[in-house]
Amino acid sequence: MTIPKEMPEKWPWVAVAMGGRGQTPGGTEEERRVKANAREYNEKFQYASNCIKTSKYNMVTFLPINLFEQFQEVANTYFLFLLILQLIPQISSLSWFTTIVPLVLVLTITAVKDATDDYFRHKSDNQVNNRQSQVLINGILQQEQWMNVRVGDIIKLENNQFVAADLLLLSSSEPHGLCYIETAELDGETNMKVRQAIPVTSELSDTSKLAHFDGEVICEPPNNKLDKFGGTLYWKENKYPLSNQNMLLRGCVLRNTEWCFGLVIFAGPDTKLMQNSGRTKFKRTSIDRLMNTLVLWIFGFLVCMGVILAIGNSIWEYEVGTCFQIYLPWDEAVDSAFFSGFLSFWSYIIILNTVVPISLYVSVEVIRLGHSYFINWDKKMYCWKRCTPAEARTTTLNEELGQVEYIFSDKTGTLTQNIMVFSKCSVNRHSYGDVLDVLGYKAELGEKTEPVDFSFNPLADPKFTFWDTGLLEAVKLGDPHVHEFFRLLSLCHTVMSEEKNPGELYYKAQSPDEGALVTAARNFGFVFRARTPKTITVQELGRPVTYQLLAILDFNNVRKRMSVIVRNQEGQIRLYCKGADTILLERLHPGNQELYNVTTDHLNEYAGEGLRTLVLAYRDLEESFYAAWAERLHQASGASEGREERVARIYEEVENDMMLLGATAIEDKLQQGVPETIALLTLANIKIWVLTGDKQETAVNIGYSCKMLTDEMTEVFIVTGHTVLEVRQELRKAREKMLDSSQPLGNGFTYQENLPASKLTSVLEAVAGEYALVINGHSLAHALEADMELEFLETACACKAVICCRVTPLQKAQVVELVKKYKKAVTLAIGDGANDVSMIKTAHIGVGISGQEGIQAVLASDYSFSQFKFLQRLLLVHGRWSYLRMCKFLCYFFYKNFAFTMVHFWFGFFCGFSAQTVYDQYFITLYNIVYTSLPVLAMGVFDQDVPEHRSLEYPKLYEPGQLNLLFNKREFFICIAQGIYTSVFMFFIPYGVFSDNAHLADYQSFAVTVATSLVIVVSVQIGLDTGFWTAINHFFIWGSLAVYFAILFAMHSDGLFQLFPNQFRFVGNAQNTLAQPAVWLTIALTTVVCIMPVVAFRFLKLDLKPELSDTVRYTQLVRKKQKTQHRCMGRVGRVRSQRSGYAFSHQEGFGELIMSGKNMRLSSLALSSFSGRPSTSWIETLRKKKSGGGDGGGSSVASSPSGGGPDKTLKV
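The structure displayed is predicted, hence computed values, not measured ones. (Residues numbered from 1 in each chain as written. Predicted model: local features only at pLDDT ≥ 70, side-chain atom pairs only at ≥ 80, totals over all residues. Heavy atoms only, no water.)

**Q** Describe in detail the overall build of the chain, supporting the description with residues and values.
**A** Along the backbone of the chain there are 42 helices and 37 strands. The buried share of the chain, reckoned over its 1212 residues, is 57%. When contacts within the chain are restricted to residue pairs at least 6 apart in sequence, those whose partners lie at least 24 apart make up 75%. Surface summary for the chain: the accessible area is close to 50,600 Å², and the carbon and sulfur share equals 58%. (Helix = DSSP H or I, 4+ residues; strand = E, 2+ residues; numbered from the N terminus. Buried < 20%, exposed > 50% of the residue type's maximum accessible area, 1.4 Å probe, protein only. Contact = heavy atoms within 4.5 Å. Areas by Shrake-Rupley, 256 points an atom, 1.4 Å probe, with all protein chains shown as cover.)

Shown next as structure tokens:
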């Protein structure tokens, strides 16, 4: 799959292939023109409709396309060719039904499976296409299906609705045309984002005005860039620039906004969501690909045998056959020995074709189907909470589950639950949050542990739980440090409060972290109630207190902190700040070193537990200092050049000499069992890469939480370069450190560039120490370019863990494709959202988590379940068993068929190369269908080398699948060599006996003896190959032998002879032959000679070079009388970490938004009190930061109203 690179910034010069649509004759769209409320005008451009299609077939095309796909399989074409040969009577010695029946059966089974898969795709498409949307048609809002929405339509969205297409936001129910969206389906981020309509359209709030809106948008063509949009609106002889902040993309969900109107710019396959979705690929396992190669080899071997026997026939007919023309005349069409040999060649091709019987493919499909049902029926992969079972959505990839080397995982919703929990905190040298026993020692959280009782607080959130009663006691006892701690949490944020009913508070948090912190303060008695652009109202232990909000020093990724400056009711000015420990600890007042040391220890402890930490501090400001600072900030905010840098420097002035209050620790709750699963998969030599759209700090913190990253690692490399040169240099430094300074790299990495891409190996993968790589999306875009992708891949593969953050859905697919291309390893991608679909489709195996982000990932996946922890059973148990069973099945199948078929080859030298078969026609037909089919099916479906709990206890058992040790070209040649060895003795021992025994000299007795020997030998062989005996195995093996003898005696009985005298002529032959002791001695001798070498070899191998599975089985026998000891992965102890646990999923710009008042419903009188204050548009600042990544954050200083009431602020 070729994945296009991201488009350049200047869209007018970009041409994106659009399949025949657009303005240019060449079939490319250079720009898009969309006119509102003008369907006829827009239809002339032939833009795509909003109907999406992920299915492959329809009623008309299913049969021809499906048959074409199936006959691309080498085996199916091979059997069709044999069927045509069998229809020619001059060369066919077998009936045509022996081939056509199983061939039609295979084609039908595969077609039904493909039709079922496509039916579900059609069902999914219809479900999405038939969603309802309100479309403005002729001035009236009408309900229309999504698939009938067209480019240029104006549609209305309501709260919590999915966006139907890529829309230009025109107006909304919120002030100034604002609306809030959640983009989890696009980038995996669950925090809300804000979008704003341009001012000229924000007043178009009713349908009558919108019906007369006839603006025209000229913008970039469809592309896959989620964070970029460029265009211009032309309306009323004016033009207005458009950016990504004015767009609502398909897949987003409208939140906390009653309604909004939007103009459809891109629809259906042109939307950015669909542009980031990879094509549905036909996936095949490595065993399937190997089978195609082996079938070609076998066919070549078959041709060689046919040529040898044809030459023998020509020589025999020329030397001997011509002497017996009187009673062995040639057929009329045969006029020479050469032509006789030519016909004999095709006859032997038909006879010897059973080296690869069609029943092989029927059996493979049956075995895969059985394995799929085992996955579906596994109760240990069933989620009782959601009533969701595991589901194998395909039956063709089961054995590939046992060969996975790389797992690419999403973070949000896959590793985590999207739930932030206030877990612990440190206040005044005390750490709160641990569960304590009666003696005051730390204890584990148990079922009988009671959470803190917040019933004293009528405004407490009932969903909030905390386990340490000591913190609440400190609040009730009036500890001033604890009060100030929670006062900071209730004031320093950008949360909006809504009280729909008295006492029912609903917080609109821009990030889940802020929501968790403000909710914690709320439950402990410091309840944030309301805000205006100039005030914040907090209910402190039941009494309302209003603070004057003087400034918000907004958060951004460079500052890594946010502050508010407030004036309390006594007139005291105080700055409250929260941020990363690496930033805030440097800005503290040098006094109180003991508090600093203890809090640092607590931070290290929290970081070691994988918690997200923030440090809290405050500073009292003198009135004169604040007035001078505010004036400098006002001047910096009005600067025309370098505004952001100047504002950042002003912020630095006040955010210094702060007093430490404490620290918070938030748990980004992982899915249950994630750390244990990752640890187990790592022990199985599976490399796990996390590809997430989330920010770097959050992704790294989760890496530590789930133990992908540890403090014991030698080094964690972080690549954040913005240019090709910077990224190359950072990768180079990482490689040099891994190779150590004693082996410096040359410029340009010449040692690696000389390696052939097909054999990419690296000394880096053998370096000592454990390393991890963290790379940002903008750096990854450069690293994936053609001239650097090998350097990136080699560096990443040398690391134990790789985390790619801020990546687009398409970049996820590109990373997977890169590993597939060069490492030649089996890849698995797992995710839960629409932003993971492209990655899931690209990987060899796609796994969908049925989580909180919709079902798009599940619908695109090959396997689905509800929790990440089930991945260990899917791979280490079901995957390993499927691979083991399939390999043993194939080895045995090729063995038994070569043993069966090669007897004809040896017999050809003793029958004048006449294409006479050794066995009768019915034995040839029934051998693979009845006599030997069920035992090998039972082994292929039920066999196992070790029990499931041992597979999890010894993850190293998984490695043979990764190394492809159980079935490869070498194993194949061993199987056919064993089959040929068996066929030699199977033919020559009975032939030698019959040559010296006049009573056993007839052809039919010889055929019965050889056939009986063959059935017994292959039955004994499968008994030796079976590692796990069930009642079904016993029944099928011994039952097949019984059925063979029953059919044998029936075909030589008087009854069948009387019914069909021309078909069953050898009456009583089987009874007479098997009544001879010499025959049974011959069968016994043949069995011993064929089986004993195999038994001896296996005993020697078990004794001299046992495999890990042999050792595990031996251990089982030793422990048989002991109580089975299940593997229990204990809780990882706390580690004294020296890293920062900071992670805060917040978006800058909200501070300026709040201070501007644009997101608040205020009367014109209230707004007039601060409307004269000079301030640049917050949305413009946000745009600049998004595009330019500025360092500063805007803030506004409100005029100071007089305070009232007593001051309740306690000085620390």
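**Q** Which residues make up unusual backbone geometry, and what values go with them?
**A** Residue Lys236 is not a glycine yet carries a positive backbone phi of 55 degrees. With respect to the helices, strands and loops of the structure, Lys236 is situated in the loop between strand S11 (231-235) and strand S12 (238-242). With relative accessibility at 61%, the residue Lys236 sits in the exposed group. Positive phi values are uncommon outside glycine, yet Asn428 reaches one of about 50 degrees. Checked against the element boundaries, Asn428 lands in the loop between strand S18 (416-427) and strand S19 (430-432).

**Q** Quick rundown of the packing of aromatic side chains? Include the residues and the values.
**A** Tallied over the full model, the rule gives 66 aromatic pairs. Centre to centre, the rings of Phe486 and Phe526 are 6.4 Å apart; their planes meet at 25 degrees, and the pair counts as stacked. Taken together, the residues span a long stretch of sequence, with Phe486 in helix H13 (residues 480-491) and Phe526 in strand S24 (residues 526-531) at a distance of 40 residues. Summarising the burial analysis for this pair, Phe486 and Phe526 share the class buried. Both rings, one in Phe987 and one in Phe1006, keep their centres 5.7 Å apart while their planes meet at 90 degrees; by these two values the pair is edge-to-face. In this pair, Phe987 is assigned in helix H33 (residues 969-995) and Phe1006 in helix H34 (residues 1003-1025), connecting sequence segments 19 residues apart. No difference in accessibility class separates Phe987 from Phe1006, as the two residues are buried. Taken together through their ring pairs, the aromatic side chains of Phe905, Trp906, Phe907, Phe909, Phe910, Phe913, Phe987, Phe988, Tyr991, Phe994, Tyr1003 and Phe1006 make up a single cluster. (Phe/Tyr/Trp six-rings, centres within 6.5 Å; stacked < 30°, edge-to-face > 60°.)

**Q** Which residues make up the side chain of Ser490, and what values go with them?
**A** With respect to the element layout, Ser490 can be found in helix H13. Residues in contact with Ser490, not counting those within four places in the same chain, are Ala521, Phe526, Phe528, Ile536 and Val538.

**Q** Account for the pairing of S11, naming residues and giving values.
**A** The buried fraction of S11 is high, at four of five residues. Bridge count for strand S10 (residues 216-219) against S11 is four bridges, and the pairing is antiparallel. Among the inter-strand pairings, Ile218 is bridged to a residue of S11, identified as Thr232. Taken together, the five bridges between S11 and S12 define a ladder with antiparallel strand orientation. Within S12, the position partnered with Tyr234 by the bridge is Lys239. Count of turn residues in the S11/S12 antiparallel hairpin: two residues, of which Lys236 carries a positive phi of about 55 degrees. (Pairing = 2+ DSSP bridges.)

**Q** Describe the sheet that holds S10, with residues and values.
**A** Spatially, four strands are ordered S3-S10-S11-S12 in an open sheet, and the strand pairing comes out antiparallel. Of all the strands in the sheet, the pair left with one neighbour each is strand S3 (32-35) and S12. Here the strands of the sheet are splayed against their neighbours by 20 degrees on average, with no regard to which way each runs. (Axes fitted to C-alpha atoms, helices over the stretch in contact; angles between N-to-C directions.)

**Q** Please set out a nonpolar patch on the surface residue by residue, giving values where relevant.
**A** Side chains of Ile308, Phe909, Phe910 and Phe988 sit close together on the surface and give an oily, nonpolar patch of about 360 Å² of accessible area. Given the relative accessible area of 34%, Phe988 is considered partly exposed. (Patch = residues over 30% accessible without salt bridge, like charges linked within 9 Å, V, L, I, M, F, W, Y side chains within 5 Å. Salt bridge = Lys/Arg side-chain N within 4 Å of Asp/Glu carboxyl O.)

**Q** Tell me about the pairing of strand S28 (residues 573-579), residues and numbers included.
**A** Every regular strand shows the same layout, with side chains that alternate between the two sheet faces. Within S28, seven of the seven residues are buried, which leaves the element mostly enclosed by the surrounding structure. Neither face of S28 is left uncovered, since the one carrying Ile573, Leu575, Cys577 and Gly579 and the one carrying Arg574, Tyr576 and Lys578 both have all their residues buried. Hairpin connection between strand S27 (residues 561-567) and S28: a loop of five residues separates the two successive antiparallel strands, and Gly571 in this loop has a positive phi of roughly 90 degrees. Pairing of S28 with strand S29 (residues 612-621), which is carried by seven bridges, proceeds in the antiparallel orientation. Across the sheet, the residue bridging to Arg574 is Asp620, located in S29.

**Q** Any details on the environment of Asn835? Residues and values, ideally.
**A** Along the chain, Asn835 turns up in the loop between strand S35 (826-831) and helix H26 (837-842). Considered as a pair, Asn835 and Thr692 are 143 residues apart in the sequence and their alpha carbons are 9.3 Å apart.

**Q** With reference to specific residues and values, describe the confidence of the model for the chain.
**A** Keep in mind that low pLDDT regions are not for reading the predicted coordinates in detail. In the predicted model, the chain carries a mean pLDDT of 82, and 84% of its residues have values of at least 70. Across residues 744-762 the pLDDT falls below 50, and counting only partners more than four positions away or on other chains, this stretch makes 33 contacts in the model. With pLDDT under 50 throughout, residues 1162-1212 is counted as low confidence; its partners more than four residues away or in other chains account for 137 contacts. (pLDDT = per-residue confidence, 0-100.)

**Q** Could you give me a rundown of the sheet that holds strand S9 (residues 193-196), with the residues and numbers involved?
**A** Strand order in this open sheet of three strands is S9-S8-S14, and the pairing throughout is antiparallel. Edge positions in the sheet fall to S9 and strand S14 (253-255), since each of these pairs with one other strand and no more. Averaged over all pairs of adjacent strands, the angle between strand axes in this sheet comes to 45 degrees, irrespective of strand direction.

**Q** Outline the pattern of salt bridges, supporting the account with residue identities and numerical values.
**A** Side chains that differ in charge, positive against negative, can pair when their charged atoms come close. Applying the stated criterion to the full structure yields 46 salt bridges. A salt bridge links Arg487 to Glu484; the nearest nitrogen and oxygen atoms lie 2.5 Å apart. Of the two residues, Arg487 and Glu484 both sit in helix H13, three residues apart, roughly one turn of that helix. Using a relative accessible area of 1% as the deciding quantity, one classes Arg487 as buried. Taking relative accessible area as the criterion, Glu484 reaches 0% and is therefore assigned buried. With a shortest N-O distance of 3.3 Å, Asp787 and Arg728 are connected by a salt bridge. Highlighted residues: Asp787 in the loop between helix H23 (777-783) and helix H24 (789-797) and Arg728 in helix H21 (residues 724-739), separated in sequence by 59 residues. Classification of Asp787 as partly exposed rests on a relative accessible area of 47%. Among the charged side chains, a network of salt bridges with common partners joins Arg559, Arg561, Glu586, Arg587, Glu652 and Glu655.

**Q** Just give me the short version of the nonpolar core, but keep the residues and values in it.
**A** Within soluble globular proteins, side chains that are nonpolar generally end up buried alongside one another. Ranked by size, the top nonpolar core spans 94 residues in total, and within it Val356, Leu360, Tyr919 and Phe923 carry the most contacts. Sort the elements by how many residues they give to this core and helix H28 (residues 870-908) lands first, with 18 residues. Excluding its chain neighbours within four sequence positions, the residues that come into contact with Tyr919 are Ala899, Phe900, Val903, His904, Ile924, Tyr1003, Ala1007, Val1010, Ala1011 and Leu1014. In this structure, Leu472, Phe524, Ile536 and Val538 belong to the second largest nonpolar core, which totals 53 residues. (Core = buried A, V, L, I, M, F, W, Y, C linked by side-chain atoms within 4.5 Å.)

**Q** Help me get a handle on the packing of H34 against helix H38 (residues 1077-1104), residues and values and all.
**A** It is the contact of H34 with H38, at a shortest axis distance of 9 Å, that shows an interaxial angle of 30 degrees. Taken together, the axes of H34 and H38 lie roughly parallel to each other. Crossing of H34 against H38: the hand is right-handed. Within the contact between the two elements, H34 uses Thr1009, Thr1012, Ser1013, Ile1016, Val1017, Val1020, Gln1021, Leu1024 and Asp1025 and H38 uses Val1079, Trp1080, Thr1082, Ile1083, Thr1086, Thr1087, Cys1090, Ile1091, Val1094, Val1095 and Arg1098. (Parallel < 35°, antiparallel > 145°, perpendicular 65-115°, else oblique. Left-handed = near helix turned anticlockwise from the far one by under 90°.)

**Q** Describe the environment of Phe486, with residues and values.
**A** Judged by relative accessible area, which is 0%, Phe486 ranks as buried. For the pair Phe486 and Val527, spaced 41 residues apart in sequence, the C-alpha to C-alpha distance is 9.2 Å. For Phe486, the contacting residues outside a window of four places in its chain are Leu471, Val475, Ala520, Ala521, Phe524 and Phe526.

**Q** Tell me about helix H30 (residues 933-942), and name the residues and values.
**A** A large share of H30 lies buried, amounting to eight of its 10 residues. Taken as a whole, H30 has its buried residues at Ser933, Pro935, Val936, Leu937, Ala938, Met939, Gly940 and Val941. Next to the buried residues of H30 lie helix H11 (359-377), H28, helix H29 (921-931), H34 and helix H35 (1031-1051).

**Q** Can you break down the packing of helix H9 (residues 286-319) against H33 residue by residue, with the values?
**A** Close contact between H9 and H33 brings their axes to 12 Å; oriented N to C, the two are set at 40 degrees. When the axes of H9 and H33 are compared, the pair comes out oblique. Seen from above, H9 lies across H33 with right-handed handedness. Here H9 contributes Leu290, Leu294, Trp297, Ile298 and Phe301 to the contact with H33, which in turn contributes Lys969, Phe972, Phe973 and Ile980.

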